[in-house]
Amino acid sequence: MVRFIVLVGLLALSFCVAMAADHSPLQDFCVAQSNSQVLLNGLACKNPSMVQVSDFSFSGLHIAGNTSNAVGSRVTLVSATQIPGLNTLGISLARIDYAPWGINPPHTHPRATEILTVIKGSLEVGFVTSNPDNRLISKILKKGDVFVFPIGLVHYQRNVGSGNAMAIVGLSSQNPGVITIANAVFGSKPDISTDILVKALQVDKNIISDTQVKF
Ligand SMILES: *[C@@H]1O[C@H](CO)[C@@H](O)[C@H](O)[C@H]1NC(C)=O
């Protein structure tokens, strides 16, 4: 009987963990205290009586991001860093601008599912399922279309319209995190040994070292 209860308890616990994006808040809000020395999962709370309306707002998302860079896109993130009041609430937002043919390169969010809506232009979007299938699920979106990138999966967007494009995305974490595949694999500090990448990617050593230089 005791064993059964322990088993049920463990199952319930693992179910909770599997269900979780960010944890549910235990109070109305926990506005992040910017100068706190306390290290915890999330950010320490400000005294609720000191909370201001500005802790819950952000301005400037109408301004296009600067897309003059190698990939031709810019993500303007509004997370708990920009809005301290988002701390513990499990949600964030971003504006993404794309130059013509600009891409948001393959990346993953370790802590968030993403839902994207096209506000302007047309985007090719896609994500790849995990091993062993690695199936590409992709689509061309036009203004007003919505697409979901499930948590943890590698995904990308590309502007396939004639002018600039813009999307707004919601993310299921106050701090979704980003792992850009090329930067993580070729731009780690220090470098992953070239011979490891030669074997992993099955290409010539020079291709690896040239790519590492770029990142
Ligand atoms: C956009 O970024 C480029 C490259 O960093 C820079 O040269 C340019 O001045 C920026 N444009 C604006 C409007 O900030």
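Keep in mind the model is a prediction, meaning the values are calculated, not measured. (Residues numbered from 1 in each chain as written. Predicted model: local features only at pLDDT ≥ 70, side-chain atom pairs only at ≥ 80, totals over all residues. Heavy atoms only, no water.)

Student: Would you mind going over unusual backbone geometry with me for this structure?
Tutor: Of all residues except glycine, most have a negative phi; of all peptide bonds, most are trans. With an omega of 0 degrees, the peptide bond running from Asn131 to Pro132 counts as cis. With respect to the element layout, Pro132 can be found in the loop between strand 5 (122-128) and strand 6 (136-142). Of note, the amide linkage connecting Lys189 to Pro190 takes the cis form, showing an omega dihedral of -5 degrees. As for its placement among the helices and strands, Pro190 is situated in the loop between helix 2 (181-186) and helix 3 (194-201). Phi at Thr88 is positive, roughly 75 degrees, even though this residue is not glycine. Position of Thr88 relative to the elements: it lies in the loop between strand 1 (73-78) and strand 2 (92-98). Of note, the phi angle at Gln202 is positive, near 55 degrees, even though the residue is not glycine. Its place among the elements puts Gln202 in the loop between helix 3 and helix 4 (205-214). Overall, the relative accessible area of 66% leaves Gln202 in the exposed class. (Helix = DSSP H or I, 4+ residues; strand = E, 2+ residues; numbered from the N terminus. Buried < 20%, exposed > 50% of the residue type's maximum accessible area, 1.4 Å probe, protein only.)

Student: Would you explain the sheet that holds strand 9 (residues 165-171) in this entry?
Tutor: One key point about sheets: their strands pair by backbone hydrogen bonds, in either a parallel or an antiparallel sense. Overall, antiparallel pairing links the 5 strands, which are arranged 1-2-9-4-7 in an open sheet. Sheet topology places strand 1 and strand 7 (146-149) at the edges, where each strand pairs with a single neighbour. If you compare each strand with its neighbour and ignore which way they point, the axes differ by 20 degrees on average. Sheet topology places strand 4 (residues 114-120) next to strand 9; 6 bridges connect them, and they run antiparallel. Within strand 9, the residue paired with Val118 across the bridge is Ala167. (Pairing = 2+ DSSP bridges. Axes fitted to C-alpha atoms, helices over the stretch in contact; angles between N-to-C directions.)

Student: Looking at this structure, how should I read the state of the cysteines?
Tutor: Disulfides are covalent bonds that link the sulfur atoms of two cysteine residues. Overall, the coordinates contain 1 disulfide when judged by the stated rule. With a sulfur-sulfur separation of 2.0 Å, Cys30 is cross-linked through a disulfide to Cys45. Its torsion about the S-S bond being -100 degrees, the disulfide of Cys30 and Cys45 is classed as left-handed. In this pair, Cys30 is assigned in the loop between helix 1 (2-19) and strand 1 and Cys45 in the loop between helix 1 and strand 1, connecting sequence segments 15 residues apart. The exposure class of Cys30 is buried, given its relative accessible area of 3%. On the basis of relative accessible area, Cys45 is assigned to the partly exposed category, the value being 36%. (Disulfide = S-S within 2.5 Å.)

Student: When you look at the domain arrangement of the protein chain in this model, what are you seeing that I'm missing?
Tutor: It is common to give the size of an interface as the accessible area lost on bringing the parts into contact. For the protein chain, the assigned domains read domain 1 (20-177) and domain 2 (180-215). The gap between the C-alpha centroids of domain 1 and domain 2 is 27 Å. (Domains from an automatic or database assignment.)

Student: Explain the packing of aromatic side chains here, please?
Tutor: Think of a pair of aromatic rings as described by two things: how far the centres are apart, and how the planes are tilted against each other in angle. As enumerated under the stated definition, the model contains 4 aromatic pairs in all. Their ring planes at 70 degrees and their centres at 5.4 Å tell us that Phe29 and Phe56 sit as a pair that is edge-to-face. Of this pair, Phe29 sits in the loop between helix 1 and strand 1 while Phe56 sits in the loop between helix 1 and strand 1; the two residues are 27 residues apart in sequence, bridging distant segments of the chain. Judged by centre distance (6.1 Å) and plane angle (50 degrees), the rings of Phe127 and Phe147 are tilted. On the criterion of sequence distance, the pair formed by Phe127 in strand 5 and Phe147 in strand 7 is long-range, its members being 20 residues apart. Neither Phe127 nor Phe147 differs from the other in exposure class; each is buried. Members of the aromatic cluster, each reached through a chain of ring pairs, are Phe127, Phe147 and Phe149. (Phe/Tyr/Trp six-rings, centres within 6.5 Å; stacked < 30°, edge-to-face > 60°.)

Student: I would appreciate a short explanation of a nonpolar patch on the surface in the present structure.
Tutor: A cluster of nonpolar side chains, namely Ile115, Val146 and Val148, defines an oily patch on the protein surface of about 240 Å² accessible area. Mapped onto the elements of the fold, Val146 is located in strand 7. Overall, Val146 belongs to the partly exposed group, its relative accessible area being 48%. (Patch = residues over 30% accessible without salt bridge, like charges linked within 9 Å, V, L, I, M, F, W, Y side chains within 5 Å. Areas by Shrake-Rupley, 256 points an atom, 1.4 Å probe, with all protein chains shown as cover. Salt bridge = Lys/Arg side-chain N within 4 Å of Asp/Glu carboxyl O.)

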